[in-house]
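# Results of the structural survey
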Amino acid sequence: MKKLNKAVFLDRDGVINKNSGYVTHIHDFIWLKNVKLAIKLLNKKKFKVIVITNQSGVARGLYTEKDVVKLHSWINKELKKGGAKIDDFFYCPYHPFGKIKKYKKNSFLRKPLPGMILKAKKKHNINLKNSFMIGDQKSDEICAKKVKVNFFYK
């Protein structure tokens with residue numbers, strides 16, 4: 001039987017970087033203090049580091065999925081310089097009040113629902129009992145509790 005992995009699920013805006021509204025471009029991204037070091041330590045402790053982030057700005061027409069992917073790629077390039085990495089990024093581009101028809105809907109991926117965590121669990125063979133989540137919003141806490149993952153506020 002394949003070994004189960006332990007993971008830390010991180011919200012992005014407000015946990016990894018300063019939450020200054022819709023953070024979409026590199027010039028908008030401000031690292032929070034000691035985040036790079038914390039991620040490096042989690043890597044050393046053999047945790048899968050996985051970002052779980054709502055990105056309703058896509059549905060609102062403020063930026064594209066391509067912009068989200070580009071920013072996430074840049075984040076990992078910056079982390080790599082210090083010997084750290086995020087193992088995967090999961091984001092939800094949907095919002096029920098979005099302006100872009102393709103993304104205007106309710107989604108099981110959107111926190112506080114646990115769809116992104118469950119996708120990560122399946123993709124990375126994660127044992128949720130040995131994992132935890134760090135967030136800065138009540139929706140993060142509710143998401144974690146729905147799948148019985150320990151939760152900590154940043």
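The sections below set out a description of the structure shown in this document. Since this is a predicted model, take the numbers as computed values, not measurements. (Residues numbered from 1 in each chain as written. Predicted model: local features only at pLDDT ≥ 70, side-chain atom pairs only at ≥ 80, totals over all residues. Heavy atoms only, no water.)

What follows concerns the layout of surface pockets. Of the volumes computed, that of the largest pocket is approximately 320 Å³. Lining the largest pocket are 19 residues, and of these D13, N19, N54, Q55 and S56 lie nearest its centre. Sorting the residues of the lining of the largest pocket by element identifies β2 (47–54) and α4 (138–146) as the ones contributing at least two each. Considering only residue class, the lining of the largest pocket consists of three nonpolar, nine polar and seven charged. If you add up the space inside the second largest pocket, you get close to 160 Å³. Lining the second largest pocket are L10, V15, I16, L32, K33, N34, V35, A38, I39, L42, I134 and K154. (1 Å grid on protein atoms, 1.4 Å probe; cavity = no way out; pocket = protein on both sides within 12 Å on 5 of 7 lines; lining within 4 Å. Points joined across faces, edges and corners; volume = space filled by probe spheres on them. Helix = DSSP H or I, 4+ residues; strand = E, 2+ residues; numbered from the N terminus. Nonpolar A, V, L, I, M, F, W, Y, C, P; charged D, E, K, R; others polar.)

A word on the pattern of salt bridges. Under the definition given, this model contains eight salt bridges. Here D88 ties to K123 by a salt bridge, and the two come within 2.8 Å at their closest N and O atoms. Linking D88 in strand β3 (residues 88–92) with K123 in helix α3 (residues 115–124), this pair joins segments that are 35 residues apart in sequence. A residue is classified by how much of its surface remains accessible, and K123, at 56% relative accessible area, is exposed. With a shortest N-O distance of 2.6 Å, K111 and D140 are connected by a salt bridge. In this pair, K111 is assigned in the loop between β3 and α3 and D140 in helix α4, connecting sequence segments 29 residues apart. For D140, a relative accessible area of 2% translates into the label buried. (Salt bridge = Lys/Arg side-chain N within 4 Å of Asp/Glu carboxyl O. Buried < 20%, exposed > 50% of the residue type's maximum accessible area, 1.4 Å probe, protein only.)

The next subject is the state of the cysteines. Counted according to the given criterion, the structure contains zero disulfides. In this structure C143 is a free cysteine whose sulfur lies 11 Å from that of C92, the closest cysteine sulfur available. (Disulfide = S-S within 2.5 Å.)

Let us look at the pairing of strand β4 (residues 132–135). In this sheet, β4 lies alongside strand β1 (residues 6–10) in parallel orientation, the contact comprising three bridges. When the bridges of β4 are listed, F9 appears paired with M133. In this view, the connection linking β4 to its parallel neighbour strand β5 (residues 150–153) by way of α4 has right-handed handedness. (Pairing = 2+ DSSP bridges. Right-handed = clockwise from strand over helix to strand, strands pointing away.)

Mapped onto the secondary structure, N17 falls in the loop between β1 and α1 (35–44). Taking the relative accessible area as the measure of exposure, N17 reaches 0% and is therefore buried. Those residues in contact with N17, other than ones at most four positions away along the chain, are R12, V23, F29, I30, W31 and L32. (Contact = heavy atoms within 4.5 Å.)

Take the sheet that holds β1 next. Within the open sheet, the five strands sit side by side as β3-β2-β1-β4-β5. Their pairing is parallel. The open sheet is flanked by β3 and β5, the only strands paired with a single partner. Recorded for the sheet is a direction-independent mean angle of 20 degrees between the axes of neighbouring strands. The sheet contact formed by β2 and β3 spans five bridges and is parallel. Paired with I50 across the strands is D88, a residue of β3. On the sheet, helix α2 (residues 65–81) packs against β2 and β3 and is oriented at approximately 155 degrees with respect to β3. Contacts from α3 reach β1, β2, β3 and β4 within the one sheet, and its direction differs from that of β3 by about 150 degrees. (Axes fitted to C-alpha atoms, helices over the stretch in contact; angles between N-to-C directions.)

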